[in-house]
Amino acid sequence: MTLSLTTAAPDLGGLETPLLVVVLASAPTLTDELRAVDTITDGALARALGRRDFRGGRDETLHLSGGESGAQRVLLVGMGPAADRTAALRRASAIAGRQANRLGVGRLAFFAGALSAEDVEAVGLGLIAGSWDFKELKTPPPAEEERAPLTEVTILAADTAAAQRGVRAASAIGEGHSLARRLGMLPGNVCTPEYLADTARDIARRFGMKVTVLGRAEMQQEKMGSFLSVAQGTSQDPKLIALEYTKGPAGAQPIAIVGKGLCFDSGGISIKPAQGMEWMKFDMCGAAGVLGAMEAIARLELPINVVGLIGSTTNMPSGEAFKPGDVVQASNGKYIEIINTDAEGRLVLADVLVYAKRFSPSAVIDAATLTGAAVIALGHTATGVMGNDDTLVQEVLDAGKRSGEPGWPLPLWDDYKELIKSDVADIKNSGGRPAGTITAALFLKEFAEGYPWVHLDIAGTAYTETDLGTVPRGPTGVPVGTFVEFARGRAR
Ligand code: BES
Ligand code: MN
Ligand code: ZN
């Protein structure tokens, strides 16, 4: 379901809407522009503020009943002290979008005072994120019990070209977010490597991109023994997917975004505990982020060349599966000793990172739900950021910050390499528990050769196991925003 966003002049008095959302910062007062809202609510707004029932705190909401006509309901949403106004607006808008779905009003008008183009974009993104819902695999309730999903929003802001730019950007990026979240939510028996390949083919067809899909046979020809070892235990054909967006200057080096696409990670022979194993359908959120970002970048028509790369398979135990002690050879010739078949993401990405080099990228950013250790180090708040080029690391951190997907750097020091030295091969695929996020990234670094590279460990940030208020249990949309902001930064 796509949300249609429009802007209109903020004439609160003449407004006709089932729901008026009013976003306010801390310690709100009844300003002149809010008097019209107070009139609609028969003075309830002034009373709520006067009695301090509503104080504009972060995530605070208050419902006021509106008129028979005009604004029929009013929802106040707080922004808190709003040190970062864009982020606060996005968050308040997400809460409003979610609340609109709960009410079943179908459409709303949104007011938050004066809004810049960036503000409008943040509001649009918040509303799209908040009203996003996954209902495909549930039988719909009988019509009389159905609540209309939010489909139409009017953002009340001086209806300028800037506001319309904001709306267009939000719609484009929101579409990317929603695609990534939908793919994440789809179960492993539906969202298979073939399904991701079909999604990439669909994006390629709609936007005139080139798409290449390598299966098991093609990867054997490329000698991708590392990736293929993970795919040994499944009859599903593994897929290496490359999408090429070429709206940049002809001949200009592309940026490459790379995603881990484990449609399910059972751990393989080093099998995971049963408790919570179902969450491992989300082990393809990096790949979903690549597809979502390609969708958004194409809709934004960014003047930049971008290659989207995905390594997708399913990690399963079987009589044919790879096993601890095996030694495999990646496509750059390096020998890898398998210590733990559950450290499979790095094995898949190794060959994809080697493959990335043939595009002569100016920068490569990979995103992967790579290590449980990232959740221990940074929780669900920040993405782990590491790379072989400090300038690029900073550029990616900045892009993450702008998009509301904060990252935090971890040191990629050679000292940690001791942990992944092998007795029989060039490197081993697990260094055990200490510095697990760093050793995983150091492993990748051995294959990210010949270009500036940054790795995002999104294990803690790509999906949430608890309701976050703005986001229900499931995929968050990370890393779509980081990828898109990075591309936008480079396209400027
Ligand atoms: N997909 C997991 C990492 C993961 C864990 C993502 C929790 C999201 C939440 C990855 O393939 C994995 O299993 N990593 C192992 C590595 C270990 C065996 C060195 C881990 O983190 O335990
Ligand atoms: Mn694993
Ligand atoms: Zn995994």
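Everything discussed here concerns the structure shown above.
It should be emphasised that the depicted structure is a prediction, and the values quoted were computed from it without experimental measurement.

## Remarks on the overall build of the protein chain
Assigned secondary structure in the protein chain consists of 14 helices and 19 strands. Against the 2.2 N^0.38 benchmark of 23 Å for 492 residues, the protein chain shows a C-alpha radius of gyration of 24 Å, consistent with a compact globule. Per-residue burial for the protein chain yields a buried fraction of 57% across its 492 residues. Of the roughly 20,000 Å² of accessible surface on the protein chain, a fraction of 50% belongs to carbon and sulfur atoms. For the protein chain, the separation between the mean place of its 48 positive charges and that of its 57 negative charges on side chains is 1 Å.

## Comments concerning the packing of aromatic side chains
Considering all chains together, one arrives at 6 aromatic pairs under this definition. Centre to centre, the rings of Trp279 and Phe282 are 6.0 Å apart; their planes meet at 35°, and the pair counts as tilted. The exposure class of Phe282 is buried, given its relative accessible area of 3%. Ring centres 4.7 Å apart and planes at 25° place the aromatic pair Phe282 and Tyr463 in the stacked group. Of the two residues, Phe282 is situated in the loop between strand S9 (255–265) and helix H9 (285–300) and Tyr463 in strand S18 (residues 463–464); the sequence distance between them amounts to 181 residues. The same class applies to Phe282 as to Tyr463, namely buried. A connected cluster of aromatic rings, assembled from ring pairs, spans Trp279, Phe282 and Tyr463.

## Looking at the side chain of Asp38
Structurally, the position occupied by Asp38 is in helix H1 (residues 35–40). One buried charge, Asp38, has no salt-bridge partner; the nearest side chain with opposite charge is Arg35, at 6.0 Å. Looking at Asp38, its side chain comes within polar contact range of the main-chain nitrogen of Leu45, at 3.4 Å. Asp38 has contacts with Leu30, Gly43, Ala44, Leu45 and Ala46, leaving out every residue within four places of it along the chain.

## A closer look at the coordination of the manganese ion (ligand 2)
For the manganese ion (ligand 2), the full set of protein donor atoms is Asp265 (OD), Asp342 (O), Asp342 (OD) and Glu344 (OE), and the range of their distances to it is 2.0 to 2.2 Å. Taken as a pair, the manganese ion (ligand 2) and the zinc ion (ligand 3) lie 3.2 Å from each other and share Asp265 as a ligand. Here Asp342 lies in the loop between strand S12 (335–337) and helix H10 (345–356) and Asp265 lies in strand S9, a separation of 77 residues in the sequence. For Asp265, a relative accessible area of 2% corresponds to the buried category. The exposure class assigned to Asp342 is partly exposed, which follows from its relative accessible area of 21%.

## Observations concerning the coordination of the zinc ion (ligand 3)
By definition of the ideal shapes, four donors in a tetrahedron about a metal sit 109.5 degrees apart, and six donors in an octahedron sit 90 or 180 degrees apart. With distances of 2.0 to 2.4 Å, the protein atoms coordinating the zinc ion (ligand 3) are Lys260 (NZ), Asp265 (OD), Asp283 (OD) and Glu344 (OE). Here the zinc ion (ligand 3) binds 6 donor atoms, and the angle range of 78 to 171° at the metal identifies the geometry as octahedral. Each donor residue of the zinc ion (ligand 3) lies on the same chain, and together they follow the pattern K-x4-D-x17-D-x60-E.

## Structural notes on a nonpolar patch on the surface
Together, Val327, Tyr335 and Val424 make up an exposed nonpolar region whose accessible area comes to about 280 Å². Considering the arrangement of structural elements, one finds Tyr335 in strand S12.

## Here we look at the site of ligand 1
Taken together, 16 residues surround ligand 1, and among them Lys272, Asp283, Asp342, Glu344 and Gly372 come closest. A distance of 2.7 Å separates an oxygen atom of ligand 1 from a polar side-chain atom of Glu344. Taking Leu370, its main chain carries an N or O atom lying 3.4 Å from a nitrogen atom of ligand 1. Look at ligand 1: alone it shows 520 Å² of surface, and the protein chains cover 81% of it. When the residues that make up the shell around ligand 1 are grouped by side-chain class, the tally is 4 nonpolar, 5 polar and 7 charged.

## Here's the deal with the sheet that holds S12
In sheet architecture, strand pairing relies on hydrogen bonds along the backbone and comes in two forms, parallel and antiparallel. Judged by pairing direction, the sheet is mixed, and its 3 strands sit side by side in the order S11-S12-S16 without closing on themselves. Strands with a single pairing partner mark the edges of an open sheet, and in this sheet they are strand S11 (327–329) and strand S16 (427–428).

## Focus on unusual backbone geometry
What is expected of a backbone is that most residues other than glycine have negative phi and most peptide bonds are trans. Following Val478, the chain continues to Pro479 via a peptide bond in cis, the omega torsion being 10°. With respect to the secondary-structure elements, Pro479 resides in the loop between strand S19 (474–475) and helix H14 (480–491). Despite not being glycine, Ser360 has its phi angle at roughly 45°, a positive value. With respect to the helices and strands, Ser360 occurs in the loop between H10 and strand S13 (363–368).

## Quick look at the state of the cysteines
Under the definition given, this model contains 0 disulfides. Cysteine Cys191 remains unbridged, with the sulfur of Cys263 as its closest cysteine sulfur at 4.7 Å. The class for Cys191 is buried, based on a relative accessible area of 1%.

## A closer look at the packing of helix H12 (residues 390–402) against H14
With their axes 8 Å apart at the nearest point, H12 and H14 run at an angle of 115° to one another. In terms of crossing hand, the pair formed by H12 and H14 is right-handed. Where H12 abuts H14, its residues Leu392, Glu395, Val396, Ala399, Gly400 and Arg402 lie against Thr482, Glu485, Phe486, Gly489 and Arg490. Residues belonging to the contact of H12 with H14 are distributed by class as follows: 4 nonpolar, 3 polar and 4 charged.

## Considering the sheet that holds strand S1 (residues 4–8)
Pairing is mixed in the open sheet, where 6 strands are placed in the order S1-S6-S5-S2-S4-S3. The open sheet terminates on both sides in strands that have one partner only, identified here as S1 and strand S3 (61–65). Taking each pair of neighbouring strands and ignoring which way they run, the sheet shows an average axis angle of 25°. The pairing of strand S2 (residues 20–24) with strand S5 (residues 105–111) spans 3 bridges and is classified as parallel. Bridge pairing links Val22 to Phe111 in S5. Running at roughly 170° to strand S6 (residues 148–156), helix H4 (residues 117–131) makes contact with S1, S5 and S6 of the sheet. Sitting on the sheet, helix H5 (residues 161–185) is in contact with S1 and S6, with an inclination near 170° to S1.

## Details of the environment of Leu228
For Leu228, the position within the fold is in helix H8 (residues 225–231). When the C-alpha atoms of Leu228 and Gln329 are compared, they prove to be 9.8 Å apart, with 101 residues separating the residues in sequence. Beyond its immediate sequence surroundings of up to four residues, Leu228 is in contact with Arg216, Met219, Gln220 and Pro238.

About the thresholds
Within any chain, residue numbers begin from 1 and follow the written order of that chain's sequence. The lettering of chains begins at A and the numbering of ligands begins at 1, in the order of writing. Given that the model is predicted, a residue must reach a pLDDT of at least 70 before its local features are reported, and side-chain atom pairs must reach 80 or more before they are shown or counted; all residues, however, enter totals for whole chains, interfaces and linings. Here the side-chain values reflect all heavy atoms present in the structure, with hydrogen atoms and water set aside. Think of it this way: any DSSP run of H or I at least four residues long counts as a helix, any run of E at least two long counts as a strand, and we number them from the N terminus. Every radius of gyration here is taken over C-alpha atoms, with the globule rule written as 2.2 Å times N^0.38, N being the number of residues. Residue burial is assigned from relative accessible area. The probe radius is 1.4 Å, only protein chains are included, and a residue is buried under 20% of its type maximum, exposed over 50%, and partly exposed in between. Residue exposure ignores everything except the shown protein chains as possible cover, and the areas themselves are Shrake-Rupley values with a 1.4 Å probe. In this tally, Lys and Arg are treated as positive and Asp and Glu as negative; His is ignored, and so are the chain termini. To locate a charge, the coordinates of NZ of Lys, CZ of Arg, CG of Asp or CD of Glu are taken. Two aromatic rings, drawn from Phe, Tyr or Trp (for Trp, its six-membered ring), form a pair once their centres lie within 6.5 Å of each other, and the interplanar angle then sorts them: stacked below 30 degrees, edge-to-face above 60, tilted otherwise. Here, a salt bridge means any side-chain nitrogen of Lys or Arg that lies within 4 Å of a carboxyl oxygen of Asp or Glu. Two N or O atoms form a polar contact when they lie within 3.5 Å of each other; inside protein one atom must be a possible hydrogen donor and the other a possible acceptor, and for residues adjacent in sequence the pair counts only when both atoms belong to side chains. Should any heavy atoms of two residues lie within 4.5 Å, those residues are counted as being in contact. Each metal site is built from N, O and S donor atoms within 2.8 Å (3.2 Å for Na, K and Ca), and since water is not included, such sites may look incomplete. Any site counts as irregular unless it has four donors with all angles between 85 and 135 degrees, making it tetrahedral, or four or six donors with opposite ones more than 155 degrees apart and the rest between 65 and 115, making it square planar or octahedral. Each patch is built from residues that are more than 30% exposed by relative accessible area and take part in no salt bridge. Like charges join if they lie within 9 Å; nonpolar side chains (Val, Leu, Ile, Met, Phe, Trp, Tyr) join within 5 Å. Throughout, near means a residue has at least one heavy atom within 4 Å of the molecule or strand. Three classes are used: nonpolar for Ala, Val, Leu, Ile, Met, Phe, Trp, Tyr, Cys and Pro, charged for Asp, Glu, Lys and Arg, and polar for all others, with Gly counted as polar. The pairing criterion for strands is at least two bridges between them, as found by DSSP. Two cysteine sulfurs form what is called a disulfide whenever their separation falls within 2.5 Å. Axes, fitted as lines to C-alpha atoms, cover a helix only where it is in contact. Angles between the N-to-C directions of the axes lie from 0 to 180 degrees. In this scheme the crossing of two helices becomes right-handed for a clockwise turn of the near helix relative to the far one and left-handed for an anticlockwise turn of less than a right angle.

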